[in-house]
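The residues making up each chain are set out below.
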Amino acid sequence: MLLLRNADVHAPQALGLRHILVGGGKVLWMGEAEPALPAALAVETLDLAGLRLIPGLIDGHVHVTGGGGEAGFASRVPAPLLSRYTTAGVTSVVGLLGTDDAARGTGELLAQVHALREAGLNAWGYCGGYHVPPTTLTGTVRGDIAFADPLIGVGEVAISDHRSSQPTLDELLRLASEAHVAGLMSGKAGIVHLHLGDGARGLDLVRQALETSELPPRVFQPTHVNRKKALFEEALALALRGCHVDITAFPVEDGEDAWPADEALLRYLDSGAPPERVSISSDAGGCLPCFDGDGRVCGMDVGHSGALLEALNRLLARGLPLERALPAFTSNPAALLRLRGKGRIEVGGDADLVALDSDGRAHHVLLGGVPHVRAGECVVRGMFEHS
Ligand SMILES: [Zn+2]
């Protein structure tokens, strides 16, 4: 057991200074007065001295196997290592496949999800990838979500993108119905996580799906909605109709027709759209190609989970209170993805906790109450990581 003293708790709501007892992976107790604990329990104490304590971040769009592969086979990105997540304050990830769903499959994705779980990270995944028919383990999306424990939906299914399968409305509806029904069967999220490309069709296919079917809007979760300013306006309208929209924390150049994640979240919150229907993910492990003047790929950067804390700190620097910024990184994705015990600091919840230092870095990171980062030092590494 571990007693965290003097934590400035944002659960995400601001609770003020609290002492928190964690044990058995859970938050066991939280209170204002320090508890008298029997010495026989030998509880370790960690004094946070007023540091902000937040729920571990949930990164809902991660290429856990490594993504990429769009500039030849050499551009396939290797799998990010454990500490890339934990040192960034990310305690839960949802893994997925993108363009690479021919060379990589659901079995490999599941193996990597299990590997991260063995290393202490909370990890889930989606069956499928950019393309239809989707890659699966059991042969159907319904079977994968219903019976493969870590699989909670299908994605990232690409629409409005030259790399997509150009799915028809009927194909999208079939995928969504399978995900939805499997979600009902299993108590999992049962969603279609939709990759949006730069195409002018934008979210038209999702609007048609809402108009022509009985499927609840929450089943359709578009991501990368801030990659075009016009697309973002479409996403705001969809959020008002009940969809949950996901913003990507990718780098945005000055003058680009896109919103950086901090700007997008501020615009979302100012728009009057429901504050609980938005999240921010990193696209970690996915490739970020740089193009030269002739449109040739001249360099390849890789998305990383650290983009989440960077976005959070930019939001705070712009004056958004921490308790208003946090839900998009914590409680909102936990609710949509039905990740019980995640995304909040509460008694009985999972002890996935991050203490931020004054610069907004992850100073202490606990996964299920186990310290992975202590005083800024990574103390747990993956099997093939060296310090
Ligand atoms: Zn994508």
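Keep in mind the model is a prediction, meaning the values are calculated, not measured.

Peer 1: Now, about the sheet that holds strand β6 (residues 57-62): what can you tell me, with residues and values included?
Peer 2: Spatial ordering of the open sheet is given by β6-β7-β8-β9-β10-β11, a layout of 6 strands whose pairing is parallel. The sheet is open, and its two edges are formed by β6 and β11 (220-223), each paired on a single side. For this sheet, the mean inter-axis angle between neighbouring strands, taken without regard to orientation, is 30°. As paired strands, strand β7 (residues 90-95) and strand β8 (residues 122-127) are joined by 4 bridges and run parallel to one another. Among the inter-strand pairings, Val94 is bridged to a residue of β8, identified as Trp124. Against the sheet, helix α4 (residues 169-186) touches β9 (151-159), β10 (191-196) and β11, its axis set at about 140° to β10.

Peer 1: Any details on the packing of helix α6 (residues 229-240) against helix α7 (residues 261-270)? Residues and values, ideally.
Peer 2: Contact geometry of α6 with α7 gives a least axis separation of 11 Å together with a crossing angle of 40°. Relative to α7, α6 is oriented oblique. Of the two elements, α6 crosses α7, and the hand of that crossing is right-handed. Judged by residue contacts, Phe232, Leu236 and Ala239 of α6 engage Ala264, Arg267 and Tyr268 from α7.

Peer 1: Give a detailed account of the coordination of the zinc ion, specifying residues and quantitative values.
Peer 2: At the metal site, the zinc ion is ligated by Glu156 (OE), His195 (ND1) and His224 (NE2), and these contacts range over 1.9 to 2.2 Å. Positions of the donor residues of the zinc ion along the chain correspond to the pattern E-x38-H-x28-H. Here His195 lies in strand β10 and Glu156 lies in strand β9, a separation of 39 residues in the sequence.

Peer 1: Quick rundown of the pattern of salt bridges? Include the residues and the values.
Peer 2: According to the stated counting rule, one finds 23 salt bridges in the structure shown. For Arg104, the salt bridge is made with Glu108, and the minimal N-O distance between the two is 3.8 Å. Overall, Arg104 belongs to the buried group, its relative accessible area being 6%. On the basis of relative accessible area, Glu108 is assigned to the partly exposed category, the value being 36%. Between Arg227 and Asp198 there is a salt bridge whose closest N-O contact spans 2.7 Å. Taken together, the residues span a long stretch of sequence, with Arg227 in the loop between β11 and α6 and Asp198 in the loop between β10 and α5 (204-212) at a distance of 29 residues. The class for Asp198 is partly exposed, based on a relative accessible area of 44%. Within the structure, one salt-bridge network assembled from shared partners comprises Asp262, Glu263, Arg267, Arg314 and Arg318.

Peer 1: Could you give me a rundown of a nonpolar patch on the surface, with the residues and numbers involved?
Peer 2: A contiguous nonpolar patch, built from Met1, Leu28, Leu37 and Leu41 and spanning about 320 Å² of accessible area, is present on the exposed surface. Relative to the assigned elements, Met1 resides in the segment before β1 (2-10). Here Met1 falls in the partly exposed class, since its relative accessible area comes to 44%.

Peer 1: Could you give an account of α6, naming the residues involved and the relevant values?
Peer 2: For α6, spanning 12 residues, the distance from its first C-alpha to its last is 17 Å, which sits close to the expected 16 Å at 1.5 Å a residue. Within α6, burial applies to Leu231, Phe232, Glu234, Ala235, Leu236, Leu238 and Ala239. In this fold, the buried residues of α6 make contact with β10, α5, β11, β12 (245-248) and α7. Gly242 lies just past α6 and shows a positive phi near 115°.

Peer 1: Kindly report on unusual backbone geometry, identifying the contributing residues and their values.
Peer 2: Put simply, Ala11 and Pro12 share a cis peptide bond, and its omega is 10°. In this fold, Pro12 is placed in the loop between β1 and β2 (14-23). With an omega of -5°, the peptide bond running from Val132 to Pro133 counts as cis. With respect to the helices and strands, the residue Pro133 is situated in the loop between β8 and α3 (141-147). With a phi angle near 55°, Asn6 is a residue other than glycine that sits in the positive phi range.

Peer 1: Let's hear about the pairing of β9: which residues, and what values?
Peer 2: Counted residue by residue, β9 has 9 buried out of 9 residues, so it is predominantly covered. Bridge count between β8 and β9: 3 bridges; the pairing is parallel. Bridging from a neighbouring strand, Gly125 pairs with Leu151 of β9. With 6 bridges connecting them, β9 and β10 associate as parallel partners. Each bridged residue has a counterpart across the sheet, and for Gly155 the counterpart in β10 is His193. Regarding topology, α4 serves as the crossover connection from β9 to the parallel β10, and that connection is right-handed.

Rules of the game
- Residues numbered from 1 in each chain as written.
- Predicted model: local features only at pLDDT ≥ 70, side-chain atom pairs only at ≥ 80, totals over all residues.
- Heavy atoms only, no water.
- Pairing = 2+ DSSP bridges.
- Helix = DSSP H or I, 4+ residues; strand = E, 2+ residues; numbered from the N terminus.
- Axes fitted to C-alpha atoms, helices over the stretch in contact; angles between N-to-C directions.
- Contact = heavy atoms within 4.5 Å.
- Parallel < 35°, antiparallel > 145°, perpendicular 65-115°, else oblique.
- Left-handed = near helix turned anticlockwise from the far one by under 90°.
- Donors = N, O, S within 2.8 Å, 3.2 Å for Na, K, Ca; no water.
- Salt bridge = Lys/Arg side-chain N within 4 Å of Asp/Glu carboxyl O.
- Buried < 20%, exposed > 50% of the residue type's maximum accessible area, 1.4 Å probe, protein only.
- Patch = residues over 30% accessible without salt bridge, like charges linked within 9 Å, V, L, I, M, F, W, Y side chains within 5 Å.
- Areas by Shrake-Rupley, 256 points an atom, 1.4 Å probe, with all protein chains shown as cover.
- Expected span 1.5 Å × (residues − 1).
- Right-handed = clockwise from strand over helix to strand, strands pointing away.

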